[in-house]
Amino acid sequence: MEKLGNDRVLVSDFKQQKLETDAQKNWDLFYKRNTTNFFKDRHWTTREFDELKNCRESEGQKLVLLEAGCGVGNCIFPLLEEDLNIFIYACDFSPRAVEFVKKNALYCTERCLAFQCDLTKDDLQANIQVGTVDVATLIFVLSAIHPDKMQKSLEQIYKVLRPGGIVLFRDYGLYDHAMFF
Ligand SMILES: C[S@@+](CC[C@H](N)C(=O)[O-])C[C@H]1O[C@@H](n2cnc3c(N)ncnc32)[C@H](O)[C@@H]1O
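Bear in mind that the values here come from a model prediction, so they are computed numbers and not experimental data.

Caption draft 1: Structural view of the overall build of the protein chain. The secondary structure content of the protein chain amounts to nine helices and five strands. Radius of gyration (C-alpha) of the protein chain: 17 Å, near the 16 Å computed for a compact globule of 181 residues. When the backbone C-alpha atoms are referred to their principal axes, the protein chain occupies close to 55 × 30 × 30 Å. Counting only residues that meet the buried cut, the protein chain has 40% of its 181 residues in that class. In the protein chain, once contacts between residues fewer than 6 apart in sequence are set aside, the share between residues at least 24 apart is 74%. Surface exposure of the protein chain reaches about 11,200 Å², of which carbon and sulfur atoms provide 53%. Distance from the positive charge centre (23 side chains) to the negative charge centre (27 side chains) of the protein chain: 6 Å.

Caption draft 2: Main features of the sheet that holds strand β5 (residues 161-170). On the basis of which strands lie adjacent, the open sheet formed by five strands has the order β3-β2-β1-β4-β5 and parallel pairing. The open sheet has two edge strands, β3 (112-116) and β5, and neither has a second partner. Averaged over all neighbouring strand pairs, the angle between strand axes comes to 20°, with direction disregarded. One ladder, built from three bridges, connects strand β1 (residues 63-68) with strand β4 (residues 133-139); its direction is parallel. Note that in β4 the partner of Leu 65 across the bridge is Val 135. Of the strands in this sheet, β1, β4 and β5 are in contact with helix α8 (residues 147-160), which crosses β5 at around 140°.

Caption draft 3: Region of the structure containing the pairing of β5. In this structure, β4 lies alongside β5, joined through six bridges in parallel fashion. Of the residues in β5, the one forming a bridge with Thr 137 is Leu 168. One crossover worth recording links β4 to the parallel β5 by way of α8, and it is right-handed.

Parameters at a glance
Residues numbered from 1 in each chain as written. Predicted model: local features only at pLDDT ≥ 70, side-chain atom pairs only at ≥ 80, totals over all residues. Heavy atoms only, no water. Helix = DSSP H or I, 4+ residues; strand = E, 2+ residues; numbered from the N terminus. Rg over C-alpha atoms; globule rule 2.2 N^0.38 Å. Buried < 20%, exposed > 50% of the residue type's maximum accessible area, 1.4 Å probe, protein only. Contact = heavy atoms within 4.5 Å. Areas by Shrake-Rupley, 256 points an atom, 1.4 Å probe, with all protein chains shown as cover. Lys, Arg positive; Asp, Glu negative; His and termini not counted. Charge placed at Lys NZ, Arg CZ, Asp CG, Glu CD. Pairing = 2+ DSSP bridges. Axes fitted to C-alpha atoms, helices over the stretch in contact; angles between N-to-C directions. Right-handed = clockwise from strand over helix to strand, strands pointing away.

Scope: geometric values only; no functional claims are made or implied.
Given below as structure tokens:
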């Protein structure tokens, strides 16, 4: 609390607007600089989200997942390896990130479809049929979206989700480790 109390510097309105206008360009540059080396593969998803293992309505049902804001695929590739009966749609607004996903040795068109999409603007239905996704994941993505645009992004996801489908998200929180260190 002491540390927070001392932090009184606000980002100027101009800088805030510029960061928002350039968000897509900046993320694309991020992947140009870091390629696939920044985030670690997320091997914790089935441990943290019971729903990923328990949401099939019948044994043998193919699970259809949407990883919204997939980056270079650190979330999807461990899942594809772990669960052979899963199809994953993966989208990101960085064209470079999507290319990295497509170039991954584990990418195969029978099991996944990666495409570019700005969740705050574009129509997910251009690539995904309405009401067909069982589980949508947003892993450290909502924090990258301006609060004013979060609702539109979630409405988009809602449209492609099947009735009773699930949205799983993980993100930064107030007073968490990332905020202080
Ligand atoms: C912290 S990364 C997380 C990537 C991935 N979910 C993972 O678990 O590694 C956040 C991702 O969200 C993407 N992103 C941010 N805003 C977006 C938007 N409006 N539409 C689509 N993707 C977006 C960024 O390009 C970036 O790849």
